[in-house]
Amino acid sequence: MPSRPLFLDRDGVINQRLRGDYVRHPDEFVFEENALAALRLLAGWFCPIVVVTNQAGIDKGLMTHDDVRAVHEKMLAETERAGGRIDAVYYCPHRPDEGCSCRKPAPGMAHQAQRDFPYIAFRDAWMVGDSLSDMQMGHALGMRTALILGKDEDADALEHFPVTGRFASLWAFAGYCQAKLFQNFPA
Ligand SMILES: [Mg+2]
Ligand SMILES: [Zn+2]
């Protein structure tokens, strides 16, 4: 059976996004409603599950690598405690003007995941995110794309973007996957 890789954006998907700001401290990392339950369900269907997140606040000098790592330790610990699974976390610390190859929509973090998990085939993967850049990265790599609604800043640009599905939350996406399982998902 082919593996089904799952790429997850972080802010606005797993945790509540801080509009115009960065999650700099574990106390500011608040899971979206039912996100932990969704991660528990998704763990049964997808492997690997990897988080890919732009965190330009690091190179803007607003937070440190250690700050971001502390936030991710909380995310991983709470996910595990809830019966879920996140197999790897990749973050881009660069500002947009640095022109790096890892800031979404650039595919660098997905390619890094593929180096770490060589069995990943993008055509079998889903990218779940709330930003245009998430959908652009997934689409360019031939993934299925799930747009989590709610990021008003990108709504106009996303209105006609060819995503596979639009969902109110990660929990709603998990429900969709559950329904598809009874129809030979992911055919
Ligand atoms: Mg996001
Ligand atoms: Zn980068």
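Every chain's residues receive numbers from 1 upward, in the order its sequence appears when written. Chains and ligands are labelled sequentially in the order written, the chains with letters from A and the ligands with numbers from 1. With pLDDT at 70 or above as the cut-off, local features in this predicted model cover only qualifying residues; side-chain atom pairs require 80 or more to be listed or tallied, and sums for whole chains, interfaces and linings still use all residues. Each side-chain value is derived from all of the structure's non-hydrogen atoms; neither hydrogens nor water enter the calculation.

**Q** Explain the coordination of the magnesium ion (ligand 1) here, please?
**A** Tetrahedral coordination by four donors sets the ideal angle at the metal to 109.5 degrees; octahedral coordination by six donors sets it to 90 or 180 degrees. Binding of the magnesium ion (ligand 1) to the protein goes through D9 (OD), D11 (O) and D130 (OD), at separations of 2.1 to 2.2 Å. The sequence pattern formed by the donor residues of the magnesium ion (ligand 1) is D-x1-D-x118-D. Think of it in three bands: with a 1.4 Å probe and only protein chains considered, a residue is buried below 20% of the maximum accessible area for its type, exposed above 50%, and partly exposed in between. Since its relative accessible area comes to 6%, D9 is described here as buried. Counted as donors are the N, O and S atoms within 2.8 Å of the metal, or 3.2 Å for Na, K and Ca, while water is not among the atoms, so some sites may look incomplete.

**Q** Sorry, what's going on with the pairing of strand 5 (residues 144-148) here?
**A** Put simply, side chains in a regular strand alternate between the two faces of the sheet. Numbering goes from the N terminus for both helices and strands, where a helix is a DSSP run of H or I of at least four residues and a strand is a run of E of at least two. Across the five residues of strand 5, four count as buried, placing the element largely inside the fold. Each pair of strands is called paired provided DSSP finds at least two bridges between the two strands. Alignment of strand 4 (residues 126-129) against strand 5, held across four bridges, turns out to be parallel. Residue pairing across strands places V128 opposite A146, the latter belonging to strand 5. Handedness is read with the strands pointing away from the viewer; a crossover is right-handed when the path from the first strand over the helix to the second is clockwise. Crossover handedness for the path strand 4 to helix 4 (residues 132-140) to strand 5: right-handed. Judged from the three bridges that link them, strand 5 and strand 6 (residues 165-167) form a sheet pairing that is parallel. Note on strand 6: the bridge partner recorded for L147 is R166.

**Q** Explain the side chain of D9 to me, please; I cannot follow it from the model alone.
**A** Within the secondary structure layout, D9 lies in the loop between strand 1 (6-8) and helix 1 (35-42). Any pair of nitrogen or oxygen atoms within 3.5 Å is treated as a polar contact; in protein, a donor-acceptor pairing is required on top of that, and neighbouring residues in sequence qualify only through side-chain atoms on both sides. Side-chain polar atoms of D9 contact the side chain of K104, separated by 3.0 Å. Any pair of residues with heavy atoms lying within 4.5 Å of one another is described as a contacting pair. Those residues in contact with D9 that sit more than four places away from it in its chain are I14, V52, K104, M127, V128, G129, D130 and D134.

**Q** How do you make sense of the pattern of salt bridges when you look at a structure like this?
**A** Here the idea is simple: oppositely charged side chains can pair when their charged atoms come close. In the sections that follow, a salt bridge refers to a side-chain nitrogen of Lys or Arg positioned within 4 Å of a carboxyl oxygen of Asp or Glu. All chains considered together, the criterion is met by 13 salt bridges. In this structure, D11 and R10 form a salt bridge, with 2.9 Å as the shortest nitrogen-oxygen distance. There is no split in this pair, since D11 and R10 are both buried. A salt bridge links R95 to D97, with the nearest nitrogen and oxygen atoms 3.0 Å apart. Given the relative accessible area of 27%, R95 is considered partly exposed.

**Q** Sorry, what's going on with the packing of helix 1 against helix 6 (residues 170-181) here?
**A** Packed helices, taken two at a time, are described by the angle between their axes plus the distance between the axes. Interaxial angles span 0 to 180 degrees and are taken between N-to-C directions of axes, which are lines fitted to C-alpha atoms, for helices over the stretch in contact. With their axes 8 Å apart at the nearest point, helix 1 and helix 6 run at an angle of 30° to one another. When the interaxial angle is binned, helix 1 and helix 6 end up roughly parallel. By crossing handedness, the relation of helix 1 to helix 6 is classed as left-handed. Listed contacts from helix 6 to A35, A37, A38, L39, L41 and L42 of helix 1 are L170, W171, F173, A174, C177 and Q178. Residue composition of the contact of helix 1 with helix 6, by class: eleven nonpolar, one polar and no charged. Every angle not falling under 35 degrees, over 145, or within 65 to 115 is termed oblique; those three ranges are roughly parallel, roughly antiparallel and roughly perpendicular. Handedness of each helix crossing follows the sense of rotation of the near helix against the far helix: counterclockwise by less than a right angle gives left-handed, clockwise gives right-handed. Gly counts as polar in this scheme, as do all residues outside two lists: the nonpolar Ala, Val, Leu, Ile, Met, Phe, Trp, Tyr, Cys and Pro, and the charged Asp, Glu, Lys and Arg.

**Q** How should I be thinking about helix 1 in this particular structure?
**A** Structural remark: α-helix, 3.6 residues per turn; residues separated by three or four positions point the same way. Listing the buried residues of helix 1 in full gives A35, A38, L39 and L42. Summarising the axial view, the buried residues of helix 1 lie within an arc of 100°, below the 170-degree limit, and thus occupy one face. Tucked inside the fold, the buried residues of helix 1 contact strand 1, strand 2 (49-54), helix 2 (65-81) and helix 6. Taking the helix axis as origin, the arc is that swept by the directions to the C-beta atoms.

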